[in-house]
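So you can see what is in the structure, the chains are spelled out below.
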Amino acid sequence: MLPIPRLLTLGLQHVLVMYAGAVAVPLIIGRALKLPPEDVAFLISADLFACGLATLVQCVGFPGVGIRLPVMMGVTFASVGPMLAMAASPDIGLLGIYGSVIAAGLFGILVAPFISRLLPLFPPVVTGTIIMVIGISLMRVGINWAGGGLPTLTRVVDGVPGAFPNPGYGQLPGLGIALFVMLVILALIKWGKGFLANIAVLLGIIAGAVLATALGVMHFEKVVSAAWVDVVVPFRYGMPQFHLVPIVTMCIVMIVVMIESLGMFLALGEMTGRTIDQKALSRGLRADGVGTLLGGIFNTFPYTSFSQNVGLVGVTGIRSRWVTAAGGVIMLLLGLLPKMSALVEAVPQVVLGGAGLVMFGMVAATGARILTAVDFKGNRFNLFVVALSVGFGMIPLVSPNFFKALPHSLHPLLESGILLAAIVSVALNAFFNGMGTAEKAKTEAAGVAGAAEHV
């Protein structure tokens, strides 16, 4: 336990490192659902609040739950693709998303002791491919943000809905702001030192917001009218709805997320000098399930350990779990400040676009980096695993109507390139390479965790 001033300073550093990634998911989902600005701001508040709760559960720990290591929890990008598909289905919507998140959380709690046994199914050739497809899928969101929205708008003419070009899409002022944000981020990454380089994305967004304000693009009416303090209420939008295919989809996402977390825990064990046994892994993975369950209850999404904060532990050498506990308290308090969330929601999409291209591109590049550890020269089967998995992952992106003849109930699954890539890569790897040993899988998982990034 460090002195309180130092504890809070180091905790704030962890919050700043993850903040841009933490608020990205509620922004993406809220805008995909076409929610009003005050509801998107609430999703951000709910997300920050649940981030704090999940972090405290994970790093402080309770009987049978929590790895008790310096971990920060945040919404996983792996869930974004499936949730966007659910958001596009009028039969599912936001309440259907929350139902699938709650079910996935309960599923995670139940299967936590068995997940480590699935680790041999997820060697680097599988996890690297899945993470790369996640990044490529999210790039569409970043590109549309940079363009200023969606290229087409849906309007009803004579009672018939139709798609019309968006006149505000791809305008030069917006593209210029997005480019400015990207250049600021790249400059900070190249010339910034230490902590400045670690929060380059956040500083780039702030610089872009300042420029957008000066150009009259960013407006603060909703920020002024937002309350200073408010409580995040469970089930604000009504009772969750439970649909079979979205639940199965989110449970598959939960398995992928927990496999990734397992690698994080093993890597943190090496950094902190702690032996991570089977019981500790089960406690940590169970906390992922509890965090996801809390997310569904408090109007937000699935949670996992954020890898950039694991990296920060390695960079700073500060191994106290009370530092991340302080970060969790800060996140929880930020969730109770609606003005802060309204300010984030007020940031124009073009500003977020410049940062999104970097954030989501880094996810894809991380997948590629993990794949560099794969033996392609001595094992040509690995080439086919990656090639076919990426190909299946691209189907929903390049041809949204490809599966239109299949049953409608399967569409939330088939319209997620991430899940298609996950299923195909696991199946092909098992077919070509078989199952490795548990010890080899743990060693590989710890190595992959060192290369993983969320933003």
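See the structure shown above.
The rules behind each value
Residues numbered from 1 in each chain as written. Predicted model: local features only at pLDDT ≥ 70, side-chain atom pairs only at ≥ 80, totals over all residues. Heavy atoms only, no water. Helix = DSSP H or I, 4+ residues; strand = E, 2+ residues; numbered from the N terminus. Buried < 20%, exposed > 50% of the residue type's maximum accessible area, 1.4 Å probe, protein only. Contact = heavy atoms within 4.5 Å. Expected span 1.5 Å × (residues − 1). Axes fitted to C-alpha atoms, helices over the stretch in contact; angles between N-to-C directions. Parallel < 35°, antiparallel > 145°, perpendicular 65-115°, else oblique. Left-handed = near helix turned anticlockwise from the far one by under 90°. Salt bridge = Lys/Arg side-chain N within 4 Å of Asp/Glu carboxyl O. Phe/Tyr/Trp six-rings, centres within 6.5 Å; stacked < 30°, edge-to-face > 60°. Patch = residues over 30% accessible without salt bridge, like charges linked within 9 Å, V, L, I, M, F, W, Y side chains within 5 Å. Areas by Shrake-Rupley, 256 points an atom, 1.4 Å probe, with all protein chains shown as cover.

A.B. asks: Any chance you could explain the overall build of the protein here in plain terms?
C.D. replies: Secondary structure summary: the protein contains 19 helices and 4 strands in total. Out of the 455 residues belonging to the protein, those deemed buried represent 57%. Nonlocal contacts in the protein, meaning residues at least 24 apart in sequence, comprise 83% of its contacts between residues at least 6 apart.

A.B. asks: Please explain the environment of G391 as it appears in this structure.
C.D. replies: Of note, G391 is situated in helix α16 (residues 381–398). Put simply, G391 and L420 are 29 residues apart on the chain and 9.4 Å apart in space, counted from C-alpha to C-alpha.

A.B. asks: Got a minute to help me understand helix α18 (residues 417–433) in this structure?
C.D. replies: One full turn of an α-helix is made of 3.6 residues, so residues set three or four places apart face in the same direction. Here α18 spans 23 Å end to end across 17 residues, near enough to the 24 Å set by a 1.5 Å rise per residue. Within the sequence span of α18, burial applies to G417, I418, L419, L420, A421, A422, V424, S425, V426, L428 and N429. Immediately downstream of α18, the backbone of G434 shows phi near 70°, a positive value.

A.B. asks: I tried to follow helix α5 (residues 124–147) on my own but got confused; where do I start?
C.D. replies: For α5, built from 24 residues, the straight-helix expectation of 34 Å at 1.5 Å per residue is met to within 8% by its first-to-last C-alpha distance of 34 Å. With 20 of 24 residues buried, α5 lies mostly within the body of the structure. Looking one or two residues beyond α5, the residue adopting positive phi is G148, at roughly 100°.

A.B. asks: Explain the packing of α16 against α18 here, please?
C.D. replies: Two packed helices can be described by the angle between their axes and the distance between those axes. For the pair α16 and α18, the least separation of the axes is 8 Å and the interaxial angle reads 160°. Here α18 runs roughly antiparallel to α16, going by the angle between their axes. As for how α16 packs across α18, the hand of that crossing is right-handed. Between α16 and α18, the residues in contact are F381, N382, F384, V385, L388, S389, F392, G393 and P396 and G417, L420, A421, V424, S425, L428, N429, F432 and N433, respectively.

A.B. asks: Would you explain the side chain of T129 in this entry?
C.D. replies: When you line up the elements, T129 lands in helix α5. Those residues within four positions of T129 in sequence are excluded, and the remaining contacts are P124, L371, V386, S389 and V390.

A.B. asks: Even after reading the chapter, I still don't get the side chain of S45, so can you show me in this structure?
C.D. replies: One can find S45 in helix α2 (residues 37–59). The residues contacting S45, other than those within four sequence positions of it, are V232, G335, L337, P338 and S341.

A.B. asks: Sorry, what's going on with the pattern of salt bridges here?
C.D. replies: Side chains bearing opposite charge may pair, as long as their charged atoms lie close to each other. Taken as a whole, this structure holds 1 salt bridge when the rule is applied. Taking the shortest distance from any N to any O, the salt bridge between D39 and R236 comes out at 3.5 Å. Taken together, the residues span a long stretch of sequence, with D39 in helix α2 and R236 in the loop between α9 (221–225) and α10 (244–272) at a distance of 197 residues. When its relative accessible area of 15% is taken as the criterion, D39 is described as buried. Among the residues examined, R236 registers a relative accessible area of 40% and is labelled partly exposed.

A.B. asks: Is there a simple way to explain the packing of aromatic side chains in this structure?
C.D. replies: Pairs of aromatic rings are described using the distance from one ring centre to the other and the angle between the two planes. Under the criterion given, the structure shown has 7 aromatic pairs. An angle of 40° between the planes, with centres 6.3 Å apart, marks the rings of F384 and F432 as tilted. Highlighted residues: F384 in helix α16 and F432 in helix α18, separated in sequence by 48 residues. The class for F384 is partly exposed, based on a relative accessible area of 40%.

A.B. asks: Before we go on, may I ask you to explain a nonpolar patch on the surface in this structure?
C.D. replies: On the surface, F220, V224, W228, V229, L337, M340 and L343 cluster together into a nonpolar patch covering about 680 Å² of accessible area. Among the secondary structure elements, F220 is positioned in the loop between α8 (200–214) and α9.

A.B. asks: What am I meant to see in unusual backbone geometry here?
C.D. replies: In most cases, non-glycine residues show a negative phi, while peptide bonds are predominantly trans. The backbone of K34 shows a phi angle near 55°, a positive value even though the residue is not glycine. Locating K34 in the fold gives a position in the loop between α1 (4–32) and α2. With a relative accessible area of 65%, K34 lands in the exposed category. Backbone geometry places F235, a non-glycine residue, at a positive phi of 50°. Its place among the elements puts F235 in the loop between α9 and α10.

From the geometry alone we can't say anything about function, so treat these as descriptive.
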